[in-house]
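Descriptive structure summary
Residues per chain are reported as follows:
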Amino acid sequence: MKLGCSTITYQMGGVSIYDSLERLKALEIDYVDFPGYGDYQPQHYSTAEKLRISKRLEQLDMHANSIIYLPKANPGSFSLEERLAAIEEIKPAALFLRDMGGRFVIFCESCGRPDYATDLDRDQAYENSIDTTKRFCEWAEKEGINVMLELIPYGGNFYKIERMKDTLDRVGAPNLWANIDLGHCYLQKINGKRFAALGDRAVSVHISDNDAVGNEGCVMEADLIIGKGYTDFKSYFRYLQDMDIDGNARKAGFEEAVATIECVEDEFIPNPDYCILRSRDFIISQAPGLFYK
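What you see is a predicted model, and the numbers here were worked out from it, not measured in a lab. (Residues numbered from 1 in each chain as written. Predicted model: local features only at pLDDT ≥ 70, side-chain atom pairs only at ≥ 80, totals over all residues. Heavy atoms only, no water.)

Counting secondary structure elements, the protein contains 10 helices and eight strands. Compactness check: the protein gives a C-alpha radius of gyration of 18 Å against a globular reference of 19 Å for 293 residues, within 12% of the reference. When its C-alpha atoms are laid out on the principal axes, the protein stretches across 50 × 45 × 40 Å. Looking at the protein as a whole, 55% of its 293 residues are labelled buried. Residue pairs at least 24 apart in sequence account for 77% of intrachain contacts in the protein once pairs closer than 6 positions are excluded. Counting only carbon and sulfur atoms, one obtains 48% of the accessible surface of the protein, whose full area is about 12,500 Å². For the protein, the distance from the average position of its 33 positive side-chain charges to the average position of its 47 negative side-chain charges is 4 Å. (Helix = DSSP H or I, 4+ residues; strand = E, 2+ residues; numbered from the N terminus. Rg over C-alpha atoms; globule rule 2.2 N^0.38 Å. Buried < 20%, exposed > 50% of the residue type's maximum accessible area, 1.4 Å probe, protein only. Contact = heavy atoms within 4.5 Å. Areas by Shrake-Rupley, 256 points an atom, 1.4 Å probe, with all protein chains shown as cover. Lys, Arg positive; Asp, Glu negative; His and termini not counted. Charge placed at Lys NZ, Arg CZ, Asp CG, Glu CD.)

The following block contains the structure:
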């Protein structure tokens, strides 16, 4: 398994994507993920800036892995128009990732959201979202893009492995895969033995950490420096090895699985290098031999 890192840690420290690449390379990180939402939307950069980032990746022998996008339109809405709007929102992120030579666009909250104003509950939103995900995967397949599902941090629709597996089965798209976010799984109280239910569709990992556990009224995603929280990494890494997630990735044609560090623990990160270095070393200490150059 290879270690990757989201560039958001650097962007929250005021460092551009372009400048972050060399700093990640110095920390022996060769795979990068991009945020594509909120204040960080590289899919809307100029053509010249996109080309500049792409060339820098090539010069440093680094690889784009994925981009994550959270649509403002609800993929689980009763309204077909709104569901299609969610797809249109994510398309630029997917195309940016493809132009970077990347592997996956993560369709975050693809399962839809409940909505009080329209009397839309969680289960109805989930049912509606199956059609949305099918439509997006059909478009992405024509563009040569792979789509990734991810459990949300707490509550909501994608709250368990079994529901993600249900989506994979019902959508049935050859370009639809599963990402396992370890911090999200810990917030959802998911034992790692359940990862196996995803079978060979699980090909990617996010490494995030949280300390807000035990009080369901206050559980929140923190994305701390890895090791500062309580995520059970030793157990999770063992289950990832047992299910041979690298074998899944190779079978799918991706060479190996990438486990991406996600660290956004504050509104401003004054020393992103320290955050990633400390996270990297802790991860390696928890799973000696799992990660390799």
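Attention now moves to the pattern of salt bridges. Once their charged atoms are close, side chains differing in charge can pair, the charge on each being opposite to the other. Taken as a whole and judged by the stated rule, the model has 20 salt bridges. Across the pair Arg-83 and Asp-131 runs a salt bridge, and its minimum N-O distance is 3.4 Å. Taken together, the positions of Arg-83 in helix H4 (residues 80-99) and Asp-131 in helix H5 (residues 122-142) put the pair 48 residues apart, joining distant regions of the chain. Taking the relative accessible area as the measure of exposure, Arg-83 reaches 11% and is therefore buried. Across the pair Asp-131 and Arg-135 runs a salt bridge, and its minimum N-O distance is 2.8 Å. Taken together, the residues span about one helical turn, with Asp-131 and Arg-135 both in helix H5 at a distance of four residues. When salt bridges with common partners are traced through the structure, they connect Glu-28, Arg-280 and Asp-281 into a single cluster. (Salt bridge = Lys/Arg side-chain N within 4 Å of Asp/Glu carboxyl O.)

Among the nonpolar cores identified, the biggest contains 82 residues, and Phe-34, Leu-182, Ile-207, Phe-237 and Phe-291 are the most heavily contacted of them. In contact with Phe-291, not counting residues within four places along its chain, are Met-1, Lys-2, Leu-3, Ile-207, Phe-237, Ala-259 and Ile-283. One finds Met-12, Ile-225, Cys-263 and Ile-269 within the second-largest nonpolar core, a separate group that totals seven residues. (Core = buried A, V, L, I, M, F, W, Y, C linked by side-chain atoms within 4.5 Å.)

It is worth spelling out the packing of aromatic side chains at this point. What the rule picks out here adds up to nine aromatic pairs. Ring centres 5.3 Å apart and planes at 85° place the aromatic pair Phe-34 and Phe-96 in the edge-to-face group. Taken as a pair, Phe-34 in strand S2 (residues 31-35) and Phe-96 in helix H4 lie far apart in primary sequence, 62 residues in all. Ring geometry for Phe-136 versus Trp-139: centroids 5.7 Å apart, planes at 25°, classification stacked. A residue pair is termed a helical-turn pair when its members lie 3 or 4 positions apart in one helix, as Phe-136 and Trp-139 do in helix H5 at three residues. For the pair Phe-136 and Trp-139, a shared accessibility class is recorded, and that class is buried. (Phe/Tyr/Trp six-rings, centres within 6.5 Å; stacked < 30°, edge-to-face > 60°.)

Moving on: the sheet that holds strand S4 (residues 104-107). Overall, parallel pairing links the eight strands, which are arranged S1-S2-S3-S4-S5-S6-S7-S8 in a closed barrel. Between one strand axis and the next, the sheet turns through 30° on average, direction left out of account. Summarising the sheet, strand S1 (residues 2-6) and strand S8 (residues 258-261) pair through four bridges and their orientation is parallel. Bridge pairing in S8 links Leu-3 to Ala-259. Running over the sheet, helix H6 (residues 161-171) touches strand S5 (146-150) and strand S6 (176-181) and is turned about 170° from S6. (Pairing = 2+ DSSP bridges. Axes fitted to C-alpha atoms, helices over the stretch in contact; angles between N-to-C directions.)

Further remarks concern the packing of H4 against H5. Packing of H4 against H5 brings their axes to within 10 Å, and their N-to-C directions diverge by 35°. Between H4 and H5 lies a crossing of right-handed hand. Here H4 contributes Leu-80, Arg-83, Leu-84, Ile-87, Ile-90, Lys-91, Ala-94 and Leu-95 to the contact with H5, which in turn contributes Asn-128, Asp-131, Thr-132, Arg-135, Phe-136 and Trp-139. (Left-handed = near helix turned anticlockwise from the far one by under 90°.)

Quick look at the state of the cysteines now. Under the criterion given, the structure shown has zero disulfides. For Cys-5, which is in no disulfide, the shortest distance to another cysteine sulfur is to Cys-263 and amounts to 8.0 Å. The buried category is assigned to Cys-5, whose relative accessible area is 0%. No disulfide involves Cys-263; its sulfur sits 4.5 Å from that of Cys-275, the nearest cysteine. (Disulfide = S-S within 2.5 Å.)

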